[in-house]
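So you can see what is in the structure, the chains are spelled out below.
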Amino acid sequence: EAQVTQNPRYLITVTGKKLTVTCSQNMNHEYMSWYRQDPGLGLRQIYYSMNVEVTDKGDVPEGYKVSRKEKRNFPLILESPSPNQTSLYFCASSSPRGGYGYTFGSGTRLTVV
Amino acid sequence: DAKTTQPTSMDCAEGRAANLPCNHSTISGNEYVYWYRQIHSQGPQYIIHGLKNNETNEMASLIITEDRKSSTLILPHATLRDTAVYYCIAFSGNTGKLIFGQGTTLQVKP
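So, a few notes on the structure that sits alongside this text.

Examining the interface of chain A and chain B
- Each side of the interface is counted separately: chain A has 21 residues, and chain B has 20 residues.
- Here chain A packs against chain B, burying approximately 1600 Å² in sum over the two surfaces, 54% of which is carbon and sulfur.
- At the junction of chain A with chain B, the criterion picks out zero salt bridges.
- The interface formed by chain A and chain B holds three residue pairs in polar contact (both at pLDDT 80 or more) in total.
- When contributions to the side of chain A that touches chain B are tallied by element, the ones reaching two or more residues are β4 (31-38), β5 (42-51) and β9 (87-94) of chain A.
- The leading source of residues in the side of chain A that touches chain B is β5(A), at five residues.
- Residue classes in the side of chain A that touches chain B are distributed as eleven nonpolar, eight polar and two charged.

Set out below in structure tokens:
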């Protein structure tokens, strides 16, 4: 089944403890992206990647890092999480071959205390 | 990327067609109109996209005006499961930036 898989689905962590949210897609998509969703602020893009080793900042990149060493994986790294990064996170992927329609993962609900 | 404007909320009776409008008066020639929806806190779901011509798939139809300044997403026979937030987005494949607005909350009522 074509899908974007995020892990974990739920995570509670403490301020300052480094964490990684993994994202993997099995559709051979070139484009991948991370979003966060907060009440009243909607979906905001954190980082995106148009191919391996190519990443760019979205609208809210502060406090996050990403890497794209392989086509299928696009992990989101929080080096020193803070409570204002408590949010619902979505990973997505797409391809020009598929008309750029993004497929989204099921989400990761992160709480930083 | 062009800004899109959508009504905040709409209601539709179950079984009737739901017509969701979107204005994108500053859309550029290489930007497509994309529609996504999000049910509760699930990941957004791609519905349909188009450039100039009207498009139809198993989920919906997309009508784009000739001047491309607005479009309408049509769900031909809305069901309760179509209750969701619907996002209209102008997107160019030249960049990876897919920017979501506030969307339209569609409530399908029995």
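Next comes the rest of the description.
Comments concerning the nonpolar core
- In terms of nonpolar packing, the biggest core is built from 22 residues, with W35(B), L73(B), Y86(B) and L106(B) touching the most fellow members.
- Elements represented by at least two residues in this core include exactly β2 (18-23), β3 (32-38), β4 (45-50), β6 (61-64), β7 (70-75), β8 (84-91) and β9 (104-109) of chain B.
- No other element matches β8(B), which puts four residues into this core.
- Once residues within four sequence positions are removed from consideration, L106(B) is found in contact with M10(B), D11(B), C12(B), A18(B), L20(B), L75(B), D82(B), T83(B), A84(B) and Y86(B).
- In terms of nonpolar packing, the next biggest core, distinct from the first, is built from 19 residues, V4(A), W34(A), L76(A) and C91(A) among them.

A few points about the sheet that holds β8(B)
All names here are of chain B.
- The strand order across the open sheet formed by five strands is β1-β9-β8-β3-β4, and the pairing between neighbours is mixed. With one partner strand each, in any of the chains shown, β1 (9-13) and β4 form the two edges of the open sheet. For this sheet, the mean angle separating the axes of adjacent strands, direction not counted, is 25°.

Reading the values: the criteria
Residues numbered from 1 in each chain as written. Chains lettered and ligands numbered in written order. Predicted model: local features only at pLDDT ≥ 70, side-chain atom pairs only at ≥ 80, totals over all residues. Heavy atoms only, no water. Contact = heavy atoms within 4.5 Å. Buried area = accessible area lost by both parts, 1.4 Å probe. Salt bridge = Lys/Arg side-chain N within 4 Å of Asp/Glu carboxyl O. Polar contact = N/O pair within 3.5 Å; in protein donor to acceptor, adjacent residues only side chain to side chain. Helix = DSSP H or I, 4+ residues; strand = E, 2+ residues; numbered from the N terminus. Nonpolar A, V, L, I, M, F, W, Y, C, P; charged D, E, K, R; others polar. Core = buried A, V, L, I, M, F, W, Y, C linked by side-chain atoms within 4.5 Å. Buried < 20%, exposed > 50% of the residue type's maximum accessible area, 1.4 Å probe, protein only. Pairing = 2+ DSSP bridges. Axes fitted to C-alpha atoms, helices over the stretch in contact; angles between N-to-C directions.

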